[in-house]
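In case you want the letters, here they are:
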Amino acid sequence: MYSPLRFLSQPPRLRTIAGLAAIILLMSGTAVLAQEAPAQDISEDLQVALNTLWVLYAGALVFFMNAGFCMLETGFCRSKNAVNLLSKNLIVFALSSIAFWILGFAIMFGDGNGFLGYSGFFLAGADNSPATDDNYVGVYTSISWAAVPLAAKFFFQLVFAGTAATIVSGAVAERIKFYAFFLFSLCLIGISYPMTGHWVWGGGWLAELGFWDFAGSTVVHSVGGWAALMGAALLGPRMGRFMEDGSAMAIPGHNFAIATLGCLILWLGWFGFNPGSTMEADPMAIAHITLTTNMAAAFGAVTATVVSTLYFTKPDLSMIINGVLAGLVAITAPCAYVSVESSVLIGAIAGVIIVFSVIFVDGLKIDDPVGAISVHLVNGVWGTLAVGLFADGPGRFYGEGAGPLRGLLLGGGIEQLWYQIVGILAIGGFTVLFSTIVWIVLNSTIGIRVSPEEEVEGLDLGEHGMEAYSGFMFRDEVKGFVDILKRMTTGR
């Protein structure tokens, strides 16, 4: 019987000769295969395989962002609402999957007109992907440029849709009914998000105008932020959040350790969110986008730390976390079109904006427990405007001839900035109108806010009948217990 040990026991020279012979044999077999099949076909198949692996890998990173949102939102809120927040962040991707499969993908990418697609519902339309360009036959023409199978296209776009929905969860936390959020998420991802997405990524009227948003500062983040703003405004603030004189009272989160871990998971997930939007394994583009994404996040964190220290006298961890996220949201639209130096400036400005935006939102008496409105809406707007300010011209960093016109600050004039403003106003206006109607309908039917008794008790028990930390006593509970003991011992 042959044993590999016999080969290893041979003199080194014989092992070398045998190894070279094996390499020559393998190369000969490869040459024979290359003669049997055209080299171009092998190259195209390999490129499709690499593209597909990259898109699915990037999509998995974006999916993992759901864990980041879970931890971030739960840590920023009180322990008595932990189960509710975890439940919402878990169910929202399931809801997004259903709504986007039935309606969303067809409305967003199906063939139609400049305002919506109306072909290929239930992902059942004709499609011969990964064929592209002149060889494509199907009803999802707007995304036919991506040389990957239709299932890969759907999955990657689905995880983006799920992100838009989960943004709303944090802004309405600690006082919204579970099933009100449940139904709103279905409406947002089934109708509103894909409609405005069609205007930009589905070849709609904003795309024709010249509006650019590479990975979704507006298409994803601002849409989620607008919907969150209307929900938080109509719900009203949490009990005790604002005093009678209008001053804001901080309601500290119960676990900044998991909130910080959530931030780091989101930072990691963004390396799929932005570079993955290439939907092709283009090494130069992926590397450039990854770097601009990271640098914007880093400078967002640093400037938020410095500004919050100057304003609050000490560095605020919640501001540092949101500074990272603000930089990431801001760079999402321009990441493929700007230089690394510009990404540094975009992220640094985002870190300043986040601090004063949180203060401004509080001044409006809008209660946003996690700062989602400031992170996703305000900095989504800033990032979209940054395209019109810092874009370095079509094809400079990504795609032959693809990309916005040169930005205003790089000598390109105001034209691109104007297109960006039009897109922001159009998408924001539609999302506000749609969200307001849905929130009002839900409030007049099933109601959107829990009762005061449930809010005081906590949504974990009121909405779910369970606790996240059963058997643990937290600071508020200990204080209440001590007060009871004092009254029992002193009679007061």
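Residues numbered from 1 in each chain as written. Predicted model: local features only at pLDDT ≥ 70, side-chain atom pairs only at ≥ 80, totals over all residues. Heavy atoms only, no water.

## As for the overall build of the chain
Here's step 1: For the chain, the count of helices and strands is 17 helices and 0 strands.
Here's step 2: Pairs at least 24 apart in sequence give 74% of the contacts found in the chain among residues at least 6 apart.
Here's step 3: When the accessible surface of the chain is totalled, it reaches about 21,800 Å², and 69% of it is carbon and sulfur. (Helix = DSSP H or I, 4+ residues; strand = E, 2+ residues; numbered from the N terminus. Contact = heavy atoms within 4.5 Å. Areas by Shrake-Rupley, 256 points an atom, 1.4 Å probe, with all protein chains shown as cover.)

## Some words on the nonpolar core
Here's step 1: Counting residues in each nonpolar core, the largest one holds 118 residues, and the members touching the most others are Phe100, Phe160, Ile189, Tyr193, Trp201, Leu325 and Ile373.
Here's step 2: In terms of residue count, helix α5 (residues 150–171) provides more of this core than any other element does, 13 residues in total.
Here's step 3: With sequence-adjacent residues up to four places away left out, Trp201 is seen in contact with Met108, Phe109, Ser142, Gln157, Phe160, Tyr193, Asp213, Phe214, Ala215, Gly216, Val219 and Val220. (Core = buried A, V, L, I, M, F, W, Y, C linked by side-chain atoms within 4.5 Å. Buried < 20%, exposed > 50% of the residue type's maximum accessible area, 1.4 Å probe, protein only.)

## Considerations on the confidence of the model for the chain
Here's step 1: Confidence along the chain averages 91 in pLDDT terms, with 87% of residues attaining 70 or more.
Here's step 2: In this model, residues 1–8 is a region of pLDDT below 50 whose contacts with residues beyond four sequence positions or in other chains number 4 contacts. (pLDDT = per-residue confidence, 0-100.)

## A few points about the packing of helix α9 (residues 256–273) against helix α11 (residues 317–332)
Here's step 1: The geometry of α9 relative to α11 is characterised by a closest axis approach of 10 Å and an angle of 15° between their N-to-C directions. As the angle between them shows, α9 and α11 are arranged roughly parallel. When you trace α9 past α11, the crossing you get is left-handed. The residues of α11 that touch α9, namely those facing Phe256, Ala259, Thr260, Cys263, Leu266, Trp267, Trp270 and Phe273, are Leu317, Ser318, Ile321, Val324, Leu325, Leu328, Val329 and Thr332. (Axes fitted to C-alpha atoms, helices over the stretch in contact; angles between N-to-C directions. Parallel < 35°, antiparallel > 145°, perpendicular 65-115°, else oblique. Left-handed = near helix turned anticlockwise from the far one by under 90°.)

## Description of the environment of Ala171
Here's step 1: When you line up the elements, Ala171 lands in helix α5.
Here's step 2: C-alpha separation for the pair Ala171 and Gly371, spaced 200 residues apart in sequence, amounts to 6.9 Å.
Here's step 3: Look past the residues within four positions of Ala171 in its chain and what remains in contact with it is Ala228, Ala232, Asp367, Asp368, Pro369, Val370, Ala372 and Ile373.

## Quick notes on the environment of Leu268
Here's step 1: Secondary-structure assignment places Leu268 in helix α9.
Here's step 2: What makes Leu268 partly exposed here is its relative accessible area of 40%.
Here's step 3: What Leu268 contacts, discounting residues up to four positions off in sequence, is Leu61 and Phe64.

## What to know about the side chain of Ser129
Here's step 1: Relative to the helices and strands, Ser129 is located in the loop between α4 (82–109) and α5.
Here's step 2: At 2.8 Å, the side chain of Ser129 and the side chain of Asp127 are in polar contact.
Here's step 3: Of the polar contacts made by the side chain of Ser129, one reaches the side chain of Lys153; its length is 2.7 Å.
Here's step 4: Other than its neighbours up to four places away in sequence, Ser129 contacts Tyr136, Val148, Pro149, Leu150 and Lys153. (Polar contact = N/O pair within 3.5 Å; in protein donor to acceptor, adjacent residues only side chain to side chain.)

## Structural notes on the packing of aromatic side chains
Here's step 1: All chains considered together, the criterion is met by 29 aromatic pairs.
Here's step 2: Ring geometry for Phe63 versus Phe93: centroids 4.9 Å apart, planes at 75°, classification edge-to-face. One end of the pair, Phe63, is in helix α3 (residues 39–76); the other, Phe93, is in helix α4, and 30 residues separate them in sequence.
Here's step 3: Judged by its relative accessible area of 14%, Phe93 falls in the buried class.
Here's step 4: With a centroid separation of 5.7 Å and 55° between ring planes, the pair formed by Trp199 and Trp205 is classed as tilted.
Here's step 5: Among the residues examined, Trp205 registers a relative accessible area of 29% and is labelled partly exposed.
Here's step 6: A connected cluster of aromatic rings, assembled from ring pairs, spans Phe100, Phe105, Phe109, Tyr140, Phe154 and Tyr193.
Here's step 7: Sitting above the plane of the Phe181 ring, Lys88 keeps its charged end 5.3 Å from the centroid.
Here's step 8: One residue, Arg241, lies across the ring of Phe242, its end atom 5.1 Å from the ring centre. (Phe/Tyr/Trp six-rings, centres within 6.5 Å; stacked < 30°, edge-to-face > 60°. Lys NZ or Arg CZ within 6 Å of the ring centre and 35° of its normal.)

## Let's talk about the side chain of Gln416
Here's step 1: Its location among the elements puts Gln416 in helix α14 (residues 415–445).
Here's step 2: The exposure class assigned to Gln416 is buried, which follows from its relative accessible area of 1%.
Here's step 3: Those residues in contact with Gln416, other than ones at most four positions away along the chain, are Gly210, Phe211, Trp212, Val387, Gly388, Pro404, Leu405 and Arg406.

## A short note on helix α8 (residues 217–235)
Side chains three or four residues apart in an α-helix point the same way, a direct result of the helix having 3.6 residues per turn.
Here's step 1: Helix length check: α8, at 19 residues, gives a terminal C-alpha distance of 25 Å against a target of 27 Å (1.5 Å per residue), a fit within 8%.
Here's step 2: In terms of residue burial, α8 counts as a mostly covered element, since 16 of its 19 residues are buried.
Here's step 3: Gly236, located one to two residues past α8, shows a positive phi value of around 85°. (Expected span 1.5 Å × (residues − 1).)

## Quick word on unusual backbone geometry
Here's step 1: Across the junction of Ser129 and Pro130, the peptide omega takes the value 15°, indicating a cis bond.
Here's step 2: Mapped onto the elements of the fold, Pro130 is located in the loop between α4 and α5.
Here's step 3: For Phe122, which is not a glycine, the phi torsion comes out positive at approximately 60°.
Here's step 4: Topologically, Phe122 is positioned in the loop between α4 and α5.
Here's step 5: Its relative accessible area of 45% is what places Phe122 among the partly exposed residues.
Here's step 6: Unlike most non-glycine residues, Glu174 shows phi in positive territory, near 75°.
Here's step 7: Relative to the elements of secondary structure, Glu174 occurs in the loop between α5 and α6 (178–200).
Here's step 8: Residue Glu174 is classed as buried on the basis of its relative accessible area, which comes to 1%.

## A few points about the pattern of salt bridges
Here's step 1: The full count for this structure, using the stated rule, is 8 salt bridges.
Here's step 2: Between Arg238 and Glu174 there is a salt bridge; the shortest N-O distance is 2.3 Å. Here Arg238, found in the loop between α8 and α9, pairs with Glu174, found in the loop between α5 and α6; they are 64 residues apart in sequence, far enough to count as distant.
Here's step 3: Among the residues examined, Arg238 registers a relative accessible area of 4% and is labelled buried.
Here's step 4: Close ionic contact of Arg241 with Asp367 constitutes a salt bridge, the shortest N to O distance being 3.1 Å. Of this pair, Arg241 sits in the loop between α8 and α9 while Asp367 is found in the loop between α12 (340–363) and α13 (372–390), placing the two residues 126 residues apart along the sequence. The burial state of Arg241 is the same as that of Asp367; both residues are buried.
Here's step 5: A single salt-bridge network, built from bridges that share partners, covers Arg78, Glu174, Arg238, Arg241, Asp362 and Asp367. (Salt bridge = Lys/Arg side-chain N within 4 Å of Asp/Glu carboxyl O.)

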